[in-house]
Amino acid sequence: MRIELQQVTKKYDTCVLKNLNLLIEDKKAVGIMGASGCGKSTLLRQLAGIEFPEEGTIKVNDTVVNRETVQAYQREIGVVFQKHSLFPHLTLRKNILLILETIKRVSPDAAELKASGLLDQFHLTEQADKLPRHVSGGQAQRASIARALCTEPELLFLDEPTAALDPILTGEVLEAITELKHLGKDCIFVTHEIDFLKKFADYFVFMDEGEIVEHGPAGLLESPETKKLAAFLRREE
Ligand SMILES: Nc1ncnc2c1ncn2[C@@H]1O[C@H](COP(=O)(O)OP(=O)(O)OP(=O)(O)O)[C@@H](O)[C@H]1O
């Protein structure tokens, strides 16, 4: 994937992203890390076109992400949030079928086949016909990942997908995320799971108070240049 940020500024009550500049090329899995409240999820939302910055330009692969391009762009990406975003009144299977039939406009038979394949891949066959509230948080989150994949996006955004889970379910979901790599999907991943990130990501972005303090490939975590990143990594150990 290729990500380019030029002078990106996002304000709510205060300035949350402060003049971000970044160029990442030819990476498969980018991890965004930093202390709570530093702006990681806000950056991810701008990259996914869920919100737009007040200033600056965001380019992901060949698309300048803005209000004009966002509709087509969002058909090409998948997003998984902290808490699963499944429709509560639909079974796991129907959550996937709905997306396939309405967004991808595939025939009911083809949709059934695709949904069953994805549910099987994420070890959810036994839960396929249950409602989200009748499965575990980890299973629901795995179903969210399966649903995000059903439109066959090349690029997936994951915003702390394990934040709401206990350690066992976290392990389960992280395993499912590892699958994404085998599937050849590009991922942009916000997480507190630094150990997992070390194994998963091939590029790291470290943020602090709305700024990108350091970014680079794996060596970044072994020999941080700034005291801020060194301190952050010590705290996370
Ligand atoms: N919709 C919003 N309206 C107002 N302020 C917001 C909004 N979303 C985020 N913020 C504020 O922006 C700052 C950055 O939040 P963000 O969620 O991006 O941080 P984060 O690094 O992802 O944090 P965490 O790791 O705790 O999820 C915080 O101070 C937060 O309170």
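Residues numbered from 1 in each chain as written. Predicted model: local features only at pLDDT ≥ 70, side-chain atom pairs only at ≥ 80, totals over all residues. Heavy atoms only, no water.

Looking at an unreviewed UniProt entry, the protein chain carries the name ABC transporter domain-containing protein, with the source organism given as Eubacterium callanderi.

Draft legend 1. Up close: the site of the ligand. Neighbouring the ligand are 14 residues; Ser 36, Gly 37, Lys 40, Ser 41 and Thr 42 lie closest to it. Within the side chain of Ser 36, a nitrogen or oxygen atom sits 2.5 Å from an oxygen atom of the ligand. Here an oxygen atom of the ligand sits 2.8 Å away from a polar atom, N or O, in the side chain of Ser 41. In isolation the ligand has 640 Å² of accessible area, and contact with the protein removes 60% of it. Looking at the shell around the ligand element by element, the count peaks at four residues for helix H1 (residues 40-47). (Near = heavy atom within 4 Å. Polar contact = N/O pair within 3.5 Å; in protein donor to acceptor, adjacent residues only side chain to side chain. Areas by Shrake-Rupley, 256 points an atom, 1.4 Å probe, with all protein chains shown as cover. Helix = DSSP H or I, 4+ residues; strand = E, 2+ residues; numbered from the N terminus.)

Draft legend 2. Fine view of the sheet that holds strand E1 (residues 2-11). One open sheet accounts for four strands, arranged E2-E1-E4-E5; its pairing is antiparallel. Of all strands in the sheet, those bounded by a partner on one side alone are strand E2 (15-25) and strand E5 (63-64). Judged from the two bridges that link them, strand E4 (residues 55-60) and E5 form a sheet pairing that is antiparallel. Paired with Lys 59 across the two strands is Val 64, which belongs to E5. (Pairing = 2+ DSSP bridges.)

Draft legend 3. Structural detail: helix H3 (residues 92-102). Of all the positions in H3, only Leu 92, Arg 93, Asn 95, Ile 96, Leu 97, Ile 99 and Leu 100 are classed as buried. Of the surrounding elements, those touching the buried residues of H3 are helix H4 (108-121) and helix H5 (137-149). (Buried < 20%, exposed > 50% of the residue type's maximum accessible area, 1.4 Å probe, protein only. Contact = heavy atoms within 4.5 Å.)

Draft legend 4. Structural context of the nonpolar core. Within the largest apolar cluster, 47 residues are counted, with the highest numbers of intra-cluster contacts made by Met 33, Ile 145 and Ile 177. When residues no more than four places from it in sequence are discounted, the contact partners of Ile 145 are Val 80, Phe 122, Val 173, Ala 176, Ile 177 and Leu 180. (Core = buried A, V, L, I, M, F, W, Y, C linked by side-chain atoms within 4.5 Å.)

Draft legend 5. Layout of the pattern of salt bridges. Across all of its chains, the model carries eleven salt bridges by this definition. Notably, a salt bridge pairs Glu 25 with Arg 2, separated by 3.3 Å at the nearest N-O pair. Within this pair, whereas Glu 25 is found in strand E2, its partner Arg 2 is found in strand E1, the two being separated by 23 residues in sequence. Under the relative-accessibility criterion, Glu 25 is labelled partly exposed at 42%. On the basis of relative accessibility, which here comes to 24%, the residue Arg 2 falls in the partly exposed class. Here Asp 208 makes a salt bridge to Lys 228, at a shortest N to O gap of 3.1 Å. Of this pair, Asp 208 sits in strand E9 (residues 203-208) while Lys 228 is found in helix H9 (residues 227-236), placing the two residues 20 residues apart along the sequence. For Asp 208, a relative accessible area of 16% corresponds to the buried category. Judged by relative accessible area, which is 45%, Lys 228 ranks as partly exposed. Within the structure, one salt-bridge network assembled from shared partners comprises Arg 2, Glu 4 and Glu 25. (Salt bridge = Lys/Arg side-chain N within 4 Å of Asp/Glu carboxyl O.)

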